[in-house]
Amino acid sequence: MTQPLAGVRVADFSHVMAGPFASHLLRLMGAEVIKIESVYGDQFRNYGSNREMRGMAPAFIAANVGKKSIALDLKADADRAIARRIVARSDVLLENFRPGTIGRLGFGYDAVRDGNPGLVYCSISGYGQDSPQRDWPAIDNIVQATSGMMMLSGAEGDPPIRIGFPIVDTLTGQTAATAILGALIQRFRTGEGAYIDVSMLDATLSFMTSALTPFLSTGNTLRRLGNTGYSELPTAGVFRAADGRFVSLGVVQDNQFASLARVLGREDWLTNPRFVDADARRASFDALFAEIEAIMLTRNAPEWERVLSEAGIPCGMVRGVDEAASLCREGSLLRFAVPTNGSRADVAVPNAGFAMTPGGPGTEEPPPTLDQHREEILQWLAQD
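Residues numbered from 1 in each chain as written. Predicted model: local features only at pLDDT ≥ 70, side-chain atom pairs only at ≥ 80, totals over all residues. Heavy atoms only, no water.

*Asks:* Please give an account of the packing of aromatic side chains that cites residues and values.
*Replies:* Overall, the coordinates contain 10 aromatic pairs when judged by the stated rule. Between tyrosine 121 and tyrosine 195, the ring centres sit 5.5 Å apart and the planes meet at 35 degrees, which makes this aromatic pair tilted. On the criterion of sequence distance, the pair formed by tyrosine 121 in strand S5 (residues 120–125) and tyrosine 195 in strand S6 (residues 194–199) is long-range, its members being 74 residues apart. Accessibility expressed as a relative area gives 36% for tyrosine 195, which makes it partly exposed. Pairing phenylalanine 257 with tryptophan 269 gives two aromatic rings, centres 6.1 Å apart and planes at 15 degrees, and the pair type is stacked. Here the residue phenylalanine 257 occupies a position in helix H10 (residues 254–263), and tryptophan 269 occupies one in the loop between H10 and helix H11 (278–283), the gap between them amounting to 12 residues. A single burial state applies to phenylalanine 257 and to tryptophan 269, both of which are buried. (Phe/Tyr/Trp six-rings, centres within 6.5 Å; stacked < 30°, edge-to-face > 60°. Helix = DSSP H or I, 4+ residues; strand = E, 2+ residues; numbered from the N terminus. Buried < 20%, exposed > 50% of the residue type's maximum accessible area, 1.4 Å probe, protein only.)

Printed below as a string of structure tokens:
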């Protein structure tokens, strides 16, 4: 089966997460990704405390399946020459060094586009190539802080709260992949390449549009609502069930509220002036929340999830990641055997997050060991 990006080649100079996640998505859609690593390898190869998976750490596996690896010292003339030849025969160059670094190594956009005018060149950095903060170092949790993201979770008065996974890295990678796809479509139409400047801060603020736009429109910032949804309604909160587990409701429309009232045996809510419409329910937040909470404590969480969902009421039991994995449908996970310290470990990674027929995403190839594809790449370069 031919995938949509079959025939597209990416020279990937990126490391750690944001850049590799962008090329990971391109690879899952069929692109050939040549991962140009330092002689020491991507730092994520040895990330985390699990010594048994050194060189193939879970964080590395998560964003590097199906790629080809060659280790090059970009300060050495011979290795720089190899890298130049890879770039000259690629459709995309991706990098996430600090601004100015790749230029000093001889691979800035102006230096490479003459030999490859159709090249789509994508730079990822913390704050952009031309911002006043361009030289500030930035990683995921730093941009979670500087973007205001940490002040959106939790309740008013709580300290800042970090989102519990590298959300900035992954959403930046998605932004970069989307931009690259747009540039490739433009190139197919015009024949011209493009330069893409992806800022982690810009990508994050774009991702936060539902929080930022209200401020830009009204001058007022959103209140911190804890586990209550964006609607600020008590029916879009998290409730404890009889078994001590939690259930999240997402009842934000009048018809959903009517269904909830009927299922909970409280049709009187529908004529109660305190709850008759969304504004009234917001004004009576604590009272309605308490009434729902008392009812939710009468059944276990799995039963509530089933009963409410079958009634068309948005509802979900709060799960851990380990439990959530069991909900994955066929094709949502990719499974591989990868080498780890002389042995092989069976691992799985999420697919691209969508299904498509024909040409759906995925790969059967595991992540590469460091420099695994050197000979294959050099033989390919020798073919003119």
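*Asks:* Run through the sheet that holds strand S7 (residues 238–240), naming residues and quoting values.
*Replies:* Here we have three strands laid out as an open sheet, ordered S7-S8-S9, and antiparallel in their pairing. Edge positions in the sheet fall to S7 and strand S9 (315–317), since each has one partner strand and no second. When the angles between neighbouring strand axes are averaged without regard to direction, this sheet yields 25 degrees. Where S7 lies against strand S8 (residues 246–249), three bridges are found, and the strand directions are antiparallel. Within S8, the position partnered with phenylalanine 239 by the bridge is valine 247. Strands S7 and S8 of the sheet are contacted by helix H12 (residues 285–296), whose axis makes an angle of about 45 degrees with S7. (Pairing = 2+ DSSP bridges. Axes fitted to C-alpha atoms, helices over the stretch in contact; angles between N-to-C directions. Contact = heavy atoms within 4.5 Å.)

*Asks:* Hey, could you go over the sheet that holds strand S4 (residues 92–95) for me, with residue numbers and the actual values?
*Replies:* On the basis of which strands lie adjacent, the open sheet formed by six strands has the order S3-S2-S1-S4-S5-S6 and parallel pairing. With partners counted over all chains shown, the strands left at the sheet margins are strand S3 (68–71) and S6, one partner each. Across the sheet, the axes of successive neighbouring strands diverge by a mean angle of 20 degrees, strand direction being ignored. Where helix H7 (residues 167–190) meets the sheet, it contacts S4, S5 and S6, and its direction lies at approximately 165 degrees from that of S6. Against the sheet, helix H8 (residues 200–207) contacts S5 and S6, and its axis sits at roughly 70 degrees relative to S6.

*Asks:* Outline H7, supporting the account with residue identities and numerical values.
*Replies:* Helical geometry: 3.6 residues make up each α-helical turn, so side chains three or four residues apart lie on a common side. Taking 1.5 Å per residue, 24 residues should reach 34 Å; H7 reaches 34 Å between its end C-alpha atoms and fits that length. At the C-terminal side of H7, glycine 191 shows a positive phi close to 85 degrees. (Expected span 1.5 Å × (residues − 1).)

*Asks:* Please provide a residue-by-residue account of the nonpolar core, values included.
*Replies:* Judged by nonpolar contacts, the single largest core of 51 residues is most densely connected at Leu26, Cys122, Ile124 and Ile180. It is H7 that contributes the most residues to this core, eight residues altogether. Those residues within four positions of cysteine 122 in sequence are excluded, and the remaining contacts are Leu93, Leu94, Glu95, Ala176, Ile180, Ile196 and Val198. Core analysis: the next-biggest nonpolar cluster, separate from the first, contains 23 residues, Ala83, Val87, Phe107 and Ile377 among them. (Core = buried A, V, L, I, M, F, W, Y, C linked by side-chain atoms within 4.5 Å.)

*Asks:* Give me the pairing of S8: which residues, what numbers.
*Replies:* Burial along S8 is one-sided: the face carrying Val247 and Leu249 is buried and the face carrying Phe246 and Ser248 is not. What sits between the antiparallel neighbours S7 and S8 is a turn of five residues, in which glycine 244 has the positive phi angle 85 degrees. Here S8 runs beside S9; their pairing, made up of three bridges, is antiparallel. Paired with serine 248 across the bridge in S9 is glycine 316.

*Asks:* Please provide a residue-by-residue account of the side chain of asparagine 116, values included.
*Replies:* Tracing the backbone through its elements, the reader meets asparagine 116 in the loop between helix H5 (109–113) and S5. Setting aside residues no more than four positions away along its own chain, asparagine 116 makes contact with Val87, Ala88 and Ser90.

*Asks:* Residue-level account of the side chain of arginine 281, with values.
*Replies:* By the element assignment, arginine 281 lies in helix H11. From its side chain, arginine 281 meets the backbone oxygen of phenylalanine 275 in a polar contact 2.8 Å long. Setting aside anything within four residues of it in sequence, one finds arginine 281 in contact with Leu233, Pro234, Asp254, Phe257, Arg274, Phe275, Val276 and Leu288. (Polar contact = N/O pair within 3.5 Å; in protein donor to acceptor, adjacent residues only side chain to side chain.)

*Asks:* If you had to explain H8 to someone new, which residues and values would you point to?
*Replies:* Every buried residue of H8 is listed here: Met200, Leu201, Ala203 and Thr204. With its buried residues spanning 165 degrees around the axis, H8 presents them on a single face. Those residues of H8 hidden inside the fold are in contact with S5, helix H6 (140–146), H7 and S6. (Arc of directions from axis to C-beta.)

*Asks:* Describe the packing of helix H1 (residues 18–28) against H7, naming the residues involved and giving the relevant values.
*Replies:* Running from N to C, H1 and H7 cross one another at 50 degrees; their axes reach a closest spacing of 7 Å. In terms of orientation, H1 lies oblique with respect to H7. When the axes of H1 and H7 are compared, the crossing they make is right-handed. On H7, the residues touching Ala18, Phe21, Ala22, Leu25 and Leu26 of H1 are Asp169, Thr170, Thr172, Gly173, Gln174, Ala176, Ala177, Ile180 and Leu181. Taken together, the residues of the contact of H1 with H7 sort by class into nine nonpolar, four polar and one charged. (Parallel < 35°, antiparallel > 145°, perpendicular 65-115°, else oblique. Left-handed = near helix turned anticlockwise from the far one by under 90°. Nonpolar A, V, L, I, M, F, W, Y, C, P; charged D, E, K, R; others polar.)

*Asks:* Quick rundown of the environment of proline 302? Include the residues and the values.
*Replies:* Here proline 302 shows up in helix H13 (residues 301–310). Take proline 302: its relative accessible area is 42%, and that puts it in the partly exposed class. Residues proline 302 and methionine 317 lie 15 residues apart in sequence; the distance between their C-alpha atoms is 6.7 Å. Proline 302 has contacts with Asp243 and Met317, leaving out every residue within four places of it along the chain.

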